[in-house]
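The lines below spell out each chain.
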Amino acid sequence: MMNDGKDTVNFAGATPHVSDSFHEKYSRQILFAGIGEEGQKRLMSASAVIVGCGAIGAATANLLVRAGIGRLRIVDRDFVEPSNLQRQTLFDEGDAREALPKAVAAERKLRAVNSGVAVEGVVADLAPKNVEELLLGFDLILDGTDNFETRFLINDVAVKNRRPWIYAAAVASYGLTVTIRPGLTPCLACLLESDSPGQGLEETCDTIGVLGPIVNLIASLEVAEAMKLLAGREEALHGRLISCDVWSGRFQSVRVARNPECRVCARREFVYLQGAAQPHITICGRDSVQIHERNRVLDLGALRARLAPTVADVRHNEFLLRFRVPPYEMTVFADGRAILKGTKDPAVARTLYARYIGA
Ligand SMILES: [Zn+2]
């Protein structure tokens, strides 16, 4: 720390000085032989996009921004709820009270954490029609999603465009991660669509729960791989599928092989990207349904005024409008998308949407 003595007593009232020198800011990372000054400079000019800002996505974003990545985009379709706070370390009770979209809350927090990083939150549902626009243009794609439909969509785009991505998942006390470099390593379809022992997670956090320690552990493994890739240290990538269970203490690291018949990386059939597998209504969570039939721009203020006399607990901010029609709760986003809580039945969801938002 350098100090000429003139500014040693300006703590009262003055804004504390935060050094802009990257040598100082990232000194512990630069001292680490695997990164060094050159690796840090490369990291600072690199970019990544995180899909999904739940527990793994939020922890991944936090670590990458602190590490000094140059540019980070965070894409998420959801908003902060009290049940997220047990494991989603970027968010707090204020975010849940305001029902902020996770992408917005994450951007705000992370800009305060490290103003040297260009952080951009995007409130959107990743779909075949927007996936290339949202994900290409970044050096690396990181998995923070909670479902295989989205992961296979990412895999299609990544393989088609030869873009590296890192798969990461956790439920209960168990999680796994693997780095996918199209052309060099197996892809997600090699792992999950072949006859090899299933490495996917069938259960979800909404049905059997999830612990904070496993999501943070998996996020840490994911970010360590991301740092190697973005700092130009590809030779340090371990090339393994790592799985662990923080409750039983079992850790496994296995080499996985490419499937020579793979639908995606061998036959280049991008069915998820072509949209064949994309329904307009998706189940998201234990008792909720998402409707994303088409894009429309909603005036949330006008909608609030119209609905207020007939529905309960109407709240809105600049990003979304939420209200209750017991036993259901409906959250409508400015792009026309809606999440209905209290049902898993697409027909019920469609009826409520038509009645309150319009067909
Ligand atoms: Zn493959």
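Look above for the structure.
Heads up: these notes are all about the structure in this document. Computed from a predicted model, the values in this text were never measured in an experiment.

### Comments concerning the overall build of the protein
Phase 1: Across its full length, the protein carries 13 helices and 14 strands.
Phase 2: For the protein, the proportion of its 359 residues judged to be buried stands at 51%.
Phase 3: Contacts spanning at least 24 positions in sequence make up 63% of the contacts within the protein whose residues lie at least 6 apart.
Phase 4: Surface accessibility of the protein: about 17,200 Å² in total, with carbon and sulfur atoms responsible for 52%.

### With respect to the pattern of salt bridges
Phase 1: Tallying each qualifying case throughout the model produces 16 salt bridges.
Phase 2: As a salt-bridge pair, Glu 107 and Arg 111 come within 3.2 Å of each other at their nearest N and O atoms. Taken together, the positions of Glu 107 and Arg 111, both in helix α6 (residues 102-113) and four residues apart, correspond to about one turn of that helix.
Phase 3: The class of Arg 111 is partly exposed, set by a relative accessible area of 44%.
Phase 4: Connected via shared salt-bridge partners are Asp 92, Asp 95 and Lys 109.

### A few points about the side chain of Arg 151
Phase 1: The topology assignment puts Arg 151 in helix α8 (residues 148-160).
Phase 2: According to the relative accessible area criterion, Arg 151 is buried, its value standing at 4%.
Phase 3: Among the polar contacts made by the side chain of Arg 151, one reaches the side chain of Asp 143 at a distance of 2.6 Å.
Phase 4: Aside from chain neighbours lying at most four places away, what touches Arg 151 is Asp 143, Thr 145, Asp 146, Trp 165, Tyr 167, Ala 168, Ala 169 and Leu 188.

### A closer look at the environment of Thr 343
Phase 1: Counting through the fold element by element, Thr 343 comes out in the loop between β14 (338-341) and α13 (346-356).
Phase 2: For Thr 343, a relative accessible area of 7% puts it in the buried group.
Phase 3: It is 9.3 Å that separates the C-alpha atoms of Thr 343 and Glu 329, two residues lying 14 residues apart in sequence.
Phase 4: Setting aside residues up to four positions removed in sequence, Thr 343 forms contacts with Asp 287, Ser 288, Val 289, Tyr 328 and Val 348.

### Here we look at the coordination of the zinc ion
Tetrahedral metal sites with four donors have an ideal angle of 109.5 degrees; octahedral sites with six donors have ideal angles of 90 or 180 degrees.
Phase 1: Protein coordination at the zinc ion: the donors are Cys 187 (SG), Cys 190 (SG), Cys 262 (SG) and Cys 265 (SG), at 2.2 to 2.3 Å from the metal.
Phase 2: For the zinc ion, the four donor atoms in the first shell make angles of 97 to 123° at the metal, so the coordination geometry reads as tetrahedral.
Phase 3: Every donor residue of the zinc ion comes from the same chain, spaced as C-x2-C-x71-C-x2-C. In this pair, Cys 187 is assigned in the loop between β6 (174-180) and α9 (188-192) and Cys 262 in the loop between β8 (250-255) and β9 (281-283), connecting sequence segments 75 residues apart.
Phase 4: When its relative accessible area of 1% is taken as the criterion, Cys 187 is described as buried.
Phase 5: By relative accessible area, Cys 262 is classed as buried at 1%.

### Overview of the pairing of strand β1 (residues 47-51)
Phase 1: With five of its five residues buried, β1 lies for the most part within the structure.
Phase 2: Looking at chain direction, β1 and strand β2 (residues 71-76) are connected through five bridges and run parallel. Across the sheet, Val 51 pairs through a bridge with Val 75, a residue of β2.
Phase 3: Tracing the backbone out of β1, into helix α4 (residues 55-67) and back to the parallel element β2 gives a crossover that is right-handed.

### With respect to the pairing of strand β11 (residues 312-316)
Phase 1: Pairing analysis gives three bridges linking β11 to strand β12 (residues 320-325), with the strands arranged antiparallel. The partner of His 316 across the bridge, within β12, is Leu 321.
Phase 2: Between β11 and β12, which pair antiparallel in sequence order, lie three residues.

### Thoughts on the sheet that holds strand β7 (residues 240-245)
Phase 1: Pairing is mixed across the open sheet formed by eight strands, whose spatial order is β3-β2-β1-β4-β5-β6-β7-β8. Looking at which strands have only one partner, the edges of the open sheet turn out to be β3 (118-123) and β8. Strand after strand, the sheet turns through a mean of 15° between neighbouring axes, direction not considered.
Phase 2: Here four bridges tie β6 to β7, and the two strands are oriented antiparallel to one another. Within β7, the residue paired with Thr 177 across the bridge is Ile 242.
Phase 3: In this fold α6 packs onto β2 and β3, with an angle of close to 170° to the strand it touches most, β3.

### Regarding α6
Phase 1: Here α6 contains 12 residues, and its C-alpha end-to-end distance of 16 Å stays within 8% of the 16 Å for a straight helix at 1.5 Å per residue.
Phase 2: Every buried residue of α6 is listed here: Lys 102, Ala 103, Val 104, Ala 105, Ala 106 and Leu 110.
Phase 3: Among the structural elements, α4, β2, α5 (93-98) and β3 are those in contact with the buried residues of α6.

So, how was this worked out
Residues numbered from 1 in each chain as written. Predicted model: local features only at pLDDT ≥ 70, side-chain atom pairs only at ≥ 80, totals over all residues. Heavy atoms only, no water. Helix = DSSP H or I, 4+ residues; strand = E, 2+ residues; numbered from the N terminus. Buried < 20%, exposed > 50% of the residue type's maximum accessible area, 1.4 Å probe, protein only. Contact = heavy atoms within 4.5 Å. Areas by Shrake-Rupley, 256 points an atom, 1.4 Å probe, with all protein chains shown as cover. Salt bridge = Lys/Arg side-chain N within 4 Å of Asp/Glu carboxyl O. Polar contact = N/O pair within 3.5 Å; in protein donor to acceptor, adjacent residues only side chain to side chain. Donors = N, O, S within 2.8 Å, 3.2 Å for Na, K, Ca; no water. Tetrahedral: all angles 85-135°; square planar, octahedral: opposite > 155°, others 65-115°. Pairing = 2+ DSSP bridges. Right-handed = clockwise from strand over helix to strand, strands pointing away. Axes fitted to C-alpha atoms, helices over the stretch in contact; angles between N-to-C directions. Expected span 1.5 Å × (residues − 1).

Bear in mind that shape data such as this cannot, by itself, settle questions of function.
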